[in-house]
Amino acid sequence: MDDKTILKRISELVDEEHQLRAEAQANEEGTDEESRDRLRDLAESLDQCWDLLRRRRAARSTHGDPEAQGVRPAPEVARYLQ
């Protein structure tokens, strides 16, 4: 996966997150359980994508191989400070 593909995926995830949040705001009852679960999944996927992109860029800047970087498990990248 190249940087362009990762950035495209990030954009798709953010768009879906915005859509779910907008729907939740429009719904007076708030976010249903299914939407909350999907938002949590989106946040984990975004964490993984950003982590992969950062590590690919770091590898490139240190003359490493960005292609050697892989997606880390969600628990490993969860709650990283942005």
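Residues numbered from 1 in each chain as written. Predicted model: local features only at pLDDT ≥ 70, side-chain atom pairs only at ≥ 80, totals over all residues. Heavy atoms only, no water.

Student: Which parts of the structure should I look at to understand the nonpolar core?
Tutor: Among the nonpolar cores identified, the biggest contains ten residues, and these are Ile6, Ile10, Leu13, Leu20, Leu39, Leu42, Leu46, Cys49, Leu52 and Leu53. Of all the secondary-structure elements, those providing two or more residues to this core are α1 (3-26) and α2 (33-61). Top element by residues in this core is α2. It accounts for six residues. Ile10 has contacts with Leu46, Cys49, Trp50 and Leu53, leaving out every residue within four places of it along the chain. (Core = buried A, V, L, I, M, F, W, Y, C linked by side-chain atoms within 4.5 Å. Buried < 20%, exposed > 50% of the residue type's maximum accessible area, 1.4 Å probe, protein only. Helix = DSSP H or I, 4+ residues; strand = E, 2+ residues; numbered from the N terminus. Contact = heavy atoms within 4.5 Å.)

Student: I would appreciate a short explanation of the side chain of Arg55 in the present structure.
Tutor: With respect to the helices and strands, Arg55 occurs in helix α2. Of the residues examined, Arg55 reaches a relative accessible area of 17% and is grouped as buried. Residues in contact with Arg55, not counting those within four places in the same chain, are Gln69, Gly70, Val71 and Arg72.

Note that every value here comes from positions in space, so none of it alone points to a role or purpose.
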